[in-house]
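# Structural overview
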Amino acid sequence: MKQKETLIEPMDIKDINKIMFIEHQSYPNPWSIYLFLTEIKNNKHAEYLVLRQEGEIIAYGGMWVIFEEAHITNLAVDPVFRNKGNGDILLKALIQKARDRGAKFISLEVRVSNSYAIKLYKNNGFIVEEIKKYYYGNEDAYLMTVNLEQR
Ligand SMILES: CC(C)(COP(=O)(O)OP(=O)(O)OC[C@H]1O[C@@H](n2cnc3c(N)ncnc32)[C@H](O)[C@@H]1OP(=O)(O)O)[C@@H](O)C(=O)NCCC(=O)NCCS
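Notes on the structure in this doc start here.

Definitions and limits used
- Residues numbered from 1 in each chain as written.
- Predicted model: local features only at pLDDT ≥ 70, side-chain atom pairs only at ≥ 80, totals over all residues.
- Heavy atoms only, no water.
- Helix = DSSP H or I, 4+ residues; strand = E, 2+ residues; numbered from the N terminus.
- Rg over C-alpha atoms; globule rule 2.2 N^0.38 Å.
- Buried < 20%, exposed > 50% of the residue type's maximum accessible area, 1.4 Å probe, protein only.
- Contact = heavy atoms within 4.5 Å.
- Areas by Shrake-Rupley, 256 points an atom, 1.4 Å probe, with all protein chains shown as cover.
- Lys, Arg positive; Asp, Glu negative; His and termini not counted.
- Charge placed at Lys NZ, Arg CZ, Asp CG, Glu CD.
- Phe/Tyr/Trp six-rings, centres within 6.5 Å; stacked < 30°, edge-to-face > 60°.
- Lys NZ or Arg CZ within 6 Å of the ring centre and 35° of its normal.
- Pairing = 2+ DSSP bridges.
- Expected span 1.5 Å × (residues − 1).
- Core = buried A, V, L, I, M, F, W, Y, C linked by side-chain atoms within 4.5 Å.
- Near = heavy atom within 4 Å.
- Polar contact = N/O pair within 3.5 Å; in protein donor to acceptor, adjacent residues only side chain to side chain.
- 1 Å grid on protein atoms, 1.4 Å probe; cavity = no way out; pocket = protein on both sides within 12 Å on 5 of 7 lines; lining within 4 Å.
- Sits in = over half its atoms within 2 Å of the grid points.

The subject of this paragraph is the overall build of the protein chain. If you tally the helices and strands in the protein chain, you get 4 helices and 7 strands. Taken over C-alpha atoms, the radius of gyration comes to 15 Å for the protein chain, in line with the 15 Å a tight globule of 151 residues would show. C-alpha extents for the protein chain along the principal axes are approximately 40 × 40 × 35 Å. Each of the 151 residues in the protein chain was classed as buried or not, and the buried ones make up 42%. Sequence-distant contacts, at least 24 apart, represent 62% of the contacts inside the protein chain between residues at least 6 apart. When the accessible area of the protein chain is evaluated, it comes to approximately 8,900 Å², of which 52% is carbon and sulfur surface. Mean positive and mean negative side-chain charge positions of the protein chain (20 and 20 charges, respectively) differ by 3 Å.

Here is the structure:
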């Protein structure tokens, strides 16, 4: 069977409609289009990537990298393409980008009920550092971190 062509690229303004489509299916409190555009256009610390398969965006993720620390802000896969390793491909690409930009440490918050995301992060070396009570208003978050120098 022919392998599907998969590409990781920087997020571009022209991608925004598909990003918003995935965002609204992925988060109870989705980011606004304005927030994404501000991140892509104005935030020099931001690094946003998309995963394209056969030309179509199926996932995206982003982070801020400030000196030695990176913080993942979002990671989402189109529901049709989940549980096929695409989240893992994208997370590994973000980790590599963080390393390339000199980060030694990555952190993120995740809902305590989000077992698939937690599994994905643990598979990639993240550990639960602390619980942030009511971080999402109605739900706690785990603060998860990975030390890139120890991997
Ligand atoms: C979390 C998310 C990004 C994972 O992406 P994905 O492409 O489905 O993940 P992967 O296919 O790479 O799988 C990652 C791990 O989760 C497991 N997993 C994912 N979906 C699963 C499912 N439906 N049933 C059982 N296990 C599942 C996989 O088995 C894998 O673990 P393993 O390799 O040890 O078996 C995706 O579910 C998503 O977009 N969720 C909504 C947005 C979100 O919650 N983002 C994270 C915010 S912090």
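The discussion continues.
A few words now on the packing of aromatic side chains. Per the stated rule, a full pass over the model turns up 5 aromatic pairs. The interplanar angle of 55 degrees and the centroid separation of 6.5 Å between the aromatic rings of W31 and Y48 together place this pair among those described as tilted. Taken together, the residues span a long stretch of sequence, with W31 in the loop between α1 (16-26) and α2 (33-42) and Y48 in strand β2 (residues 46-53) at a distance of 17 residues. Exposure remark for Y48: the relative accessible area of 6% places this residue in the buried category. Among the aromatic side chains, those forming a connected cluster through ring pairs are W31, F36, Y48 and Y60. One residue, R111, lies across the ring of Y136, its end atom 4.4 Å from the ring centre.

Attention now goes to the pairing of strand β3 (residues 56-66). Buried residues dominate β3, accounting for 8 of its 11 residues. The hairpin turn running from β3 into strand β4 (residues 69-77), its antiparallel successor, is 2 residues long, and F67 in that turn takes a positive phi close to 50 degrees.

Turning our eyes to something else, we now look at helix α3 (residues 86-100). For α3, built from 15 residues, the straight-helix expectation of 21 Å at 1.5 Å per residue is met to within 8% by its first-to-last C-alpha distance of 21 Å. Along α3, the residues classified as buried are N86, G87, L90, L91, A93, L94, I95 and A98. The inward-facing, buried residues of α3 abut β1 (6-10), β2, β3, β4, β5 (105-111) and α4 (115-123). Just past α3, the residue G102 takes up positive phi, approximately 95 degrees.

In this section: the nonpolar core. Judged by nonpolar contacts, the single largest core of 28 residues is most densely connected at L91, I106, Y121 and F126. Of all the elements in the fold, those that place two or more residues in this core are β2, β3, β4, α3, β5, α4 and β7 (141-147). Considering every element that reaches this core, the biggest residue donor is α3, with 6 residues. In this structure L91 touches I72, L75, L120, Y121, N124 and F126, once residues within four positions along its chain are discounted.

Turning our attention to the site of the ligand. In the vicinity of the ligand, 21 residues are found, and the nearest of them are L75, N83, G85, G87 and N114. In the environment of the ligand, a nitrogen atom lies 3.4 Å from a nitrogen or oxygen atom belonging to the side chain of Y27. A distance of 3.0 Å is found between an oxygen atom of the ligand and a backbone nitrogen or oxygen belonging to D88. Considered on its own, the ligand offers 920 Å² of accessible surface; in the complex 76% of this is hidden by protein. Of the pockets mapped on this structure, the ligand occupies the largest pocket.

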